[in-house]
Amino acid sequence: MRGPMALVIGGSASPLLSLRLSRALRCGLVRTEVRRFPDGEIYVRVRRDVAGERVIVVQSNGRSQNENLIELLLTLELMKDMGAREVVAVVPYMAYSRQDRRFTPGEAVSAKTVCRLIECAGADHFITVDMHHRETLQHFSIKSNDLTAAHAIGGYLKRLRLKRPLVLGADRGAAERAKNVALEMGADHDYIEKKRISPESVRVSVGGFDVRGRDVVIVDDIISTGGTVAESARILRKNGARTVHAACTHPVLVGNAMEKMRSAGVRRVIATDTIESDVSVVSVAPVVAGTLG
Ligand code: R5P
């Protein structure tokens, strides 16, 4: 992928990641020009001839999900129409990935629809990071990769020199993620038992391990409302944890999520640039470049 024939096309949702990726790959970067028609519809233009090139379209789907998704689809099809040799879609956070099953009869499986749209629009290769459930990739017939940010997050946390660190997955589904983060830090790991009551509220139990005097890190793929982290932090602090940190790949951070976590006693929230935010202190550019290089 190195050399003059690769080109990064930076979407409006991923300005930093696309720059970092083009640097890591030592290739050119062209930013998509995105405008709005008076009725709100999106207009996309790429002012560069891409015929015969391998293009890497980088466009995350954080908020506003629908707009960022449409921009991605328009750009992918544009690249194909302009004669790109290969179109790689780097979608570090894919919208609708949590609705990956029909939990209740009659529900749309949105993750499947989004995968099919991306493929139909012209992607030859799909790359994402810490997909909510890796099995979602089965909806692609093109080559696809689900990379993990766990090692990069673990490396960052290791440099914080936490005291007797304990890494806890925010639920059973995050146990493997927590293990990989902990391995990088040389720390212990386990996971929290969580039961979701509604989209905004959860019940957690941290019974199985002693957190007294320890620096605890809660690890999750997504922090959305901050409810999971806040509820867990409150209990961990009550049980004697010295500090509580929270680490995630995708900082969706809806509404007052940061404030909610801080007032529950979370000392620091760290995340990656799959969604670019104030807490995105870890970049996934090296891991994405590693797959493409
Ligand atoms: C759900 O299974 C995810 O892995 C996260 O735990 C969830 O999205 C976190 O949501 P919130 O921050 O709203 O509690």
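Residues numbered from 1 in each chain as written. Predicted model: local features only at pLDDT ≥ 70, side-chain atom pairs only at ≥ 80, totals over all residues. Heavy atoms only, no water.

Draft legend 1. Fine view of the overall build of the protein chain. Summing up its helical and strand segments, the protein chain has 8 helices and 16 strands in all. A globule of 293 residues ought to have a C-alpha radius of gyration of about 19 Å, and the protein chain, at 20 Å, matches this closely. Taken along its principal axes, the extent of the C-alpha atoms in the protein chain is 60 × 45 × 35 Å. In the protein chain, 63% of the contacts between residues at least 6 apart in sequence involve partners at least 24 apart. Per element, the accessible surface of the protein chain, about 13500 Å² overall, is 48% carbon and sulfur. Looking at the protein chain, you have 43 positive and 33 negative side-chain charges, and the mean spots of the two groups are 6 Å apart. (Helix = DSSP H or I, 4+ residues; strand = E, 2+ residues; numbered from the N terminus. Rg over C-alpha atoms; globule rule 2.2 N^0.38 Å. Contact = heavy atoms within 4.5 Å. Areas by Shrake-Rupley, 256 points an atom, 1.4 Å probe, with all protein chains shown as cover. Lys, Arg positive; Asp, Glu negative; His and termini not counted. Charge placed at Lys NZ, Arg CZ, Asp CG, Glu CD.)

Draft legend 2. Structural view of the pairing of strand β5 (residues 54-58). Counted residue by residue, β5 has 4 buried out of 5 residues, so it is predominantly covered. The pairing of strand β1 (residues 6-10) with β5 spans 5 bridges and is parallel. Bridge pairing in β5 places L7 opposite V55. Where β5 lies against strand β6 (residues 86-90), 5 bridges are found, and the strand directions are parallel. Its bridge partner being in β6, V58 is matched across the sheet by V90. For the crossover from β5 across helix α2 (residues 65-81) to β6, the handedness is right-handed. (Buried < 20%, exposed > 50% of the residue type's maximum accessible area, 1.4 Å probe, protein only. Pairing = 2+ DSSP bridges. Right-handed = clockwise from strand over helix to strand, strands pointing away.)

Draft legend 3. Geometry of the domain arrangement of the protein chain. Assigned domains within the protein chain: domain 1 (6-149 + 283-292) and domain 2 (150-273). When each unit is reduced to the centre of its C-alpha atoms, the spacing between domain 1 and domain 2 is 28 Å. Counting residues at the interface gives 13 residues for domain 1, matched by 15 residues for domain 2. For the pairing of domain 1 and domain 2, the buried interface totals around 1300 Å² over both sides, and the portion due to carbon and sulfur atoms is 47%. At the junction of domain 1 and domain 2, the tally comes to 2 salt bridges. (Domains from an automatic or database assignment. Buried area = accessible area lost by both parts, 1.4 Å probe. Salt bridge = Lys/Arg side-chain N within 4 Å of Asp/Glu carboxyl O.)

Draft legend 4. Broad picture of the site of the ligand. Neighbouring the ligand are 14 residues, the closest being D220, D221, S224, T225 and T228. D220 places a polar side-chain atom, nitrogen or oxygen, 2.5 Å from an oxygen atom of the ligand. Separating an oxygen atom of the ligand from a side-chain N or O atom of D221 is a distance of 2.5 Å. Contact with the protein chains removes 90% of the 380 Å² of surface that the ligand exposes when unbound. Those elements that place two or more of their residues in the shell around the ligand are β11 (193-198), β13 (215-223) and α6 (227-238). Considering each element in turn, the shell around the ligand owes the most residues, 4 residues, to β13. Looking at the shell around the ligand residue by residue, the classes come out as 2 nonpolar, 6 polar and 6 charged. (Near = heavy atom within 4 Å. Polar contact = N/O pair within 3.5 Å; in protein donor to acceptor, adjacent residues only side chain to side chain. Nonpolar A, V, L, I, M, F, W, Y, C, P; charged D, E, K, R; others polar.)

Draft legend 5. View of the side chain of T136. As for its position among the elements, T136 is in the loop between β7 (125-129) and β8 (143-147). Classification of T136 as buried rests on a relative accessible area of 4%. Polar side-chain contacts of T136 include one of 3.0 Å to the backbone oxygen of H133. Setting aside residues no more than four positions away along its own chain, T136 makes contact with M94, D100, A111, C115 and M131.

Draft legend 6. Structural context of the sheet that holds β1. What the 6 strands build is an open sheet, ordered β2-β1-β5-β6-β7-β8; its pairing is parallel. Edge strands, defined here as strands with exactly one partner in the open sheet, are β2 (28-31) and β8. Across the sheet, the mean angle separating the axes of adjacent strands is 20° when strand polarity is ignored. On the sheet, helix α1 (residues 15-25) packs against β1, β2 and β5 and is oriented at approximately 160° with respect to β2. (Axes fitted to C-alpha atoms, helices over the stretch in contact; angles between N-to-C directions.)

Draft legend 7. Seen up close, the pairing of strand β9 (residues 166-169). Burial of β9 is two-sided: the residues L166 and L168 facing one way and the residues V167 and G169 facing the other way are all buried. Direction of pairing for β9 relative to strand β10 (residues 188-191): parallel, over a ladder of 4 bridges. The partner of G169 across the bridge, within β10, is Y191. One crossover worth recording links β9 to the parallel β10 by way of helix α5 (residues 175-185), and it is right-handed. Sheet topology places β9 next to β13; 4 bridges connect them, and they run parallel. Across the sheet, V167 pairs through a bridge with V217, a residue of β13.

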